[in-house]
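Structure assessment
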Amino acid sequence: QQLLTLQGSLHSLTLSGFSVSRCPACFFNLMNLFCELTCSPRQSLFVNGTQFTNDTAANKTNVVEVQYYIGQTFANAMYNACQDVQAPSINVKALSLLCGKDASDCNATNWIEYMFDINNGQSPFPIIPIFSGKMHNTEYVPFTMKGQLSPQDGSGPCSCQDCSQACGPQPVPPPLLPPWTILGIDAMVVIMWISYVAFLLIFIGAVIGAWLIFSIKKTPIFYLTVNSFPHLSLCVTVDASCGETLGERFESSLRSLFARWGSFCVRQPLVVILGSLAVVATCSGGLVYMKITTDPVELWSSPSSQARQEKDYFDSHFGPFFRAEQLIITTTLQSESVYSPNPAGADVPFGAPLDKDVLHQVLDLQTDIENIVASYGDQKVTLKDICLAPLAPFNDNCTILSVLNYFQNSHEQLDRSVGDEFYVYADYHTHFLYCVSAPASLNDTNKLHDPCLGTYGGPVFPWLVLGGYDATNYNNATALVITFPVNNYHNDSINLGKALAWEKEFIVFLKNYSNPNLTISFNSERSIEDEINRESESDLSTVVVSYAIMFVYISLALGHIHSFRRVLVDSKISLGIAGIVIVLSSVACSLGIFSYAGIPLTLIVIEVIPFLVLAVGVDNIFIVVQTYQRDERMPQEELHQQIGRILGDVAPSMLLSSFSETVAFFLGALSTMPAVRTFSLFAGLAVFIDFLLQISCFISLLGLDAKRQEVRRAGLDSYVLDYFKNLSEYLHTGPPVYFVVEDGHDYLSLEGQNSVCGGVGCSNNSLVQQVYASSQCNSPPSTTIGFNPSSWLDDYFDWVKPQSSCCRYYNSSGAFCNASVVDTSCVRCRPMTPSGKLRPIEQDFMKFLPMFLSDNPNVKCGKGGHAAYSSAVVLKGNDTSVGATYFMTYHTILKDSPDFIDAMKMARVLADNITSAMGHNVFPYSVFYVFYEQYLTIVYDTVFQLGVSLAAIFAVTTVLLGFELWSGVLVSITIAMILVNMFGVMWLWDISLNAVSLVNLVMSCGISVEFCSHIVRAFSISVKSTRVERAEEALAHMGSSVFSGITLTKFGGILILALSKSQIFQIFYFRMYLAMVLLGATHGLIFLPVLLSYAGMHRVISQLGKMRVCVCVNVWPIHQKYNLHHTIAPLCKLTKTLKPQKETCPEIHLVFCLVSHLT
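Here is what the cut-offs are and how they apply
- Residues numbered from 1 in each chain as written.
- Predicted model: local features only at pLDDT ≥ 70, side-chain atom pairs only at ≥ 80, totals over all residues.
- Heavy atoms only, no water.
- Disulfide = S-S within 2.5 Å.
- Helix = DSSP H or I, 4+ residues; strand = E, 2+ residues; numbered from the N terminus.
- Buried < 20%, exposed > 50% of the residue type's maximum accessible area, 1.4 Å probe, protein only.
- Core = buried A, V, L, I, M, F, W, Y, C linked by side-chain atoms within 4.5 Å.
- Contact = heavy atoms within 4.5 Å.
- Expected span 1.5 Å × (residues − 1).
- Pairing = 2+ DSSP bridges.
- Axes fitted to C-alpha atoms, helices over the stretch in contact; angles between N-to-C directions.
- Parallel < 35°, antiparallel > 145°, perpendicular 65-115°, else oblique.
- Nonpolar A, V, L, I, M, F, W, Y, C, P; charged D, E, K, R; others polar.
- Salt bridge = Lys/Arg side-chain N within 4 Å of Asp/Glu carboxyl O.

**Concerning the state of the cysteines**
- By the definition in use, this model includes nine disulfides.
- Each sulfur in the disulfide pair Cys387 and Cys398 lies 2.0 Å from the other. Residues Cys387 and Cys398 share a disulfide whose torsion about the S-S bond is about -80 degrees; that sign makes it left-handed. With Cys387 in the loop between α13 (383-386) and α14 (411-415) and Cys398 in the loop between α13 and α14, this pair connects stretches of sequence that are 11 residues apart.
- Among the residues examined, Cys387 registers a relative accessible area of 5% and is labelled buried.

And the structure:
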């Protein structure tokens, strides 16, 4: 009877549980150990009965204790054969389950001692092993035989995964490259300093050289100006190139067109304003169809990206990755303790969170969370309605990854202990120490004999529920981690809505939860999306104050206030309001038009584009208004003619900046990043609509305001941040990663099986073997795989073996018969024959696979695949073939963005190697890949986006400046310098390069046009005699508008953003906006004028021989008190000959031509 009990226990340990049978050498040696003990003909040589009892009824003597003499050589050989054997479904070594402690602490002697210890719950009587090294003066001969690494039963040697000796030499990861230094200093720092000094010396040398050349060789140059003739239009006829001629005609056409349009807008303000309102209303009507995207996946991952396509494939085949609700709990109590095992054993320290009183409080919290009730419509939603329950409907307990699940989530179990009046032999300390080493055990082999398996039917791995420990000393944990996996739903809005409703109540509960002994950080699946919305809403007041300050400044700065009594008259409150309204209207039109087209917008669009359009709009408003304020109305010129003439002067400059930005933004829509693409589309259209409204509606309002003035009328920190901080500090494992084998692989043939599996006979380059090998090379930068993969294929092979009792069916019906069922009609799936012991192939493979995937693990068979693999295998064709499958493992600890990026890169490299070896596509998938894939191409995307924007700005600037190629080059160089300096600020201010900062860089490119284009155009059309004078004039007239417009307006509004509570506003908006305004102002108002004074385009008439210079005098607007002689007389200083000509042109009443020799 005892031997039968021993047989059952051995069977449970080795075959039906997390067995060593997957390694024939280990299994063969282990069986020999027990077979020699029970039925060897040489038994008397090494087995000694030491205690007996008499059975008087049966007239027999029972053996109740024996000594088993074992050779140390055999023990070591058996241990060597078994020490690496894996338990694939739980990603641990089998010895962790057979040795009573972690496999790393197990050795040959304590393993055998544990298996023969009566306290393990499996041994029927004490079996005392005595090893050959400890035998003294005894007649017994220790049992020994040669340890088998490759048994002679045809099963083949153990695989590399299960026996390191079968692997051969492992590749040594390349060493980390030492830091690159020069003279002990970072090499890049040295190179940059050398480059800067070299550039500075070259620049200074070039300036000095140019000055010397011009000072030695001077050529008299005569300049023609019309500064003294405000009522004259000077036309110079030279041998102009085709481009210059075309540019001049284009410029003249723009002036004429905008002048006539401006005059019309002032003469017909009601028509223009009502027409503008009608267009704005029509476009804004699309806002009723507006959709806002807050899903982080939709924001940051392109539908065409690799990670997004892989996510969609995973979701459609296996269902979306579960939603995670997680708590990280520490205690304020100084409750560290030392546990002293009784009756003997070394002291074990326990961290403060593992104090029993603290655990009771945490269990109360956990129970309260389980009891949360949410409302969805008219339904009540509890955790049981949405939680992950892998064994449902047989076991509907929710998966709760918590250390309390070692105690079945029960206060009574937590308080259990076994002892007498002297000692406590077992309590929660002993149970905890056992479970962290054997989390899948159904029986604590200490005196409590409680299960470690969670109530949901699966193991609770210590690295998932404990944090802040060192190495594998889980007892030193300083934090507890509780995770509630919740089902996610693919295209099921109702069930997804229930999950979201429960998560909302979960967040509310924890925000309001208070316990002075517990410090809790938490996160829900919906938290990031919620926080994006919350942070935007929480800073609404900051944004409103920012815009209010800009509005007040605009209203006052636009005015030309002569005295305090005339503040209401001279201030431009109405124009300030109009400017803000036009900005908002252009944004609303852009949103509406794209909403009509069904394009969703993002919060970045809502938060950034008004700032951008206001920057562009304010600049243009200041240019128009201040040009009007500086201008003097010509004699007999009416208001509409004056404003039309002013618009003709400044509108080409406005068109230059606005159209450059529009083209640059629209080209930015070529980006694959959804956030960047959406921003570029909306921004480009908004800027262009803003320009159209400014030259129409605003011009009409300016005319009305001018008439009014003439008649003197008045006009949080986030809880998520705490969670991520603690996540980085306490967690000891990374996120799960799935290696997905796409549909089409042949699992029915041995060749196809060998390319995937990790057991006996499998290829050393198989999927499982390569992932396993990667997990062993855990020194960076070689790999980021932390554990051996769980392999449904290997567990299926163990499950279907005839040696186990797992795979059975009813002989009468052929239906599956669970191992726990006691029924004589249940027969094994495969015969106990040599062929039956081989792996199933062809139809046999598919015949039993559905049974495996539906089998729940139990005491008799722990290999059932329902809990671990039901979602890992897709069965097709009415269960006749295998589709897509996955093999899961975990990444190593990932704490910051570089870790996550490297993890994704390494996993993809590994998947590519597997694909190459298998000849079938395999890809890795983890939930964070879609968010971090942008970083793999962010440098390329940044270079492409900014390069395209610069190219567009260059092209548009060149055309709209009259095909002045060199002016386009200077503008592009200045903007490129601003961008380079923006990168420097980002490095100094710890602003990472990502999609948000890329959006800001693209916007910076556009705003830089405002700082540069107006100055360059003013320089281009200036008729001053020298470049220095032309640069001075451009800076004086247009620079003042740029400074008072975009610079001061934005500066005041940006400073308010520093008070923002949210990180995204403080870092990506305040810091970057401040940098782009300051850098734009310094480059546009300081550097660019100096550059133009040195390298600007010449406006010099210098040609040997005769030239025809036409001075076209517009006679009609000259006031009667002037006469023609007084107006033309100053020209006599420039020429000796003045001959009237008879030729005329439509807009000029009289043309005089002078002919002279100019040298």
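From this point, things continue past the structure.
**What about the nonpolar core?**
- Formed by 130 residues in total, the largest nonpolar core has its most connected members in Phe432, Leu466, Trp799, Phe845 and Leu849.
- The greatest single-element share of this core, amounting to nine residues, is contributed by helix α31 (residues 897-918).
- Excluding residues that lie within four positions of it along the chain, Leu849 makes contacts with Trp792, Tyr796, Val873, Leu875 and Val882.

**Section: unusual backbone geometry**
- Of note, the bond from Ala392 into Pro393 is cis; its omega dihedral lies within 30 degrees of zero at 5 degrees.
- Structurally, Pro393 can be placed in the loop between α13 and α14.
- Located in the positive-phi region is Glu842, a residue other than glycine, with phi close to 50 degrees.
- Of note in the backbone geometry, Asp990 takes a positive phi value of approximately 55 degrees without being a glycine.
- Secondary-structure assignment places Asp990 in the loop between α34 (965-988) and α35 (995-1021).
- By relative accessible area, Asp990 is classed as exposed at 66%.

**What to know about α34**
- Taking 1.5 Å per residue, 24 residues should reach 34 Å; α34 reaches 35 Å between its end C-alpha atoms and fits that length.
- Of the residues making up α34, those classed as buried are Ser967, Gly968, Leu970, Val971, Ser972, Thr974, Ile975, Ile978, Leu979, Met982, Val985 and Met986.
- Asp990 lies just past α34 and shows a positive phi near 55 degrees.

**Overview of the pairing of strand β1 (residues 47-55)**
- Two strands pair when backbone bridges link them, and β1 and strand β2 (residues 60-70) are joined in this way by eight bridges, in the antiparallel orientation. Bridge assignment links Asn48 to a residue of β2, and that residue is Gln67.
- Taken together, β1 and the strand that follows it, β2, pair antiparallel across an intervening segment of four residues, in which Asn59 is found at a positive phi of about 55 degrees.

**Digging into the packing of helix α4 (residues 72-82) against helix α6 (residues 108-115)**
- Running from amino to carboxyl end, α4 crosses α6 at an angle of 90 degrees, the nearest separation of the two axes being 9 Å. Relative to α6, the element α4 lies roughly perpendicular. Residue-level contacts link Gln72, Ala75, Asn76, Met78, Tyr79 and Cys82 of α4 to Ala108, Thr109, Trp111 and Ile112 of α6.
- The residue makeup of the contact of α4 with α6, split by class, is seven nonpolar, three polar and no charged.

**Considerations on the pattern of salt bridges**
- One pass over the full model with this rule turns up 16 salt bridges.
- A salt bridge links Lys311 to Asp315, with the shortest nitrogen-to-oxygen separation between them at 2.6 Å. Highlighted residues: Lys311 and Asp315, both in helix α11 (residues 306-318), separated by four residues, approximately one helical turn.
- Residue classification places Asp315 among the buried positions, given a relative accessible area of 5%.
- Among the ionic contacts, a cluster of salt bridges with common partners joins Asp795, Asp798, Lys801 and Lys863.

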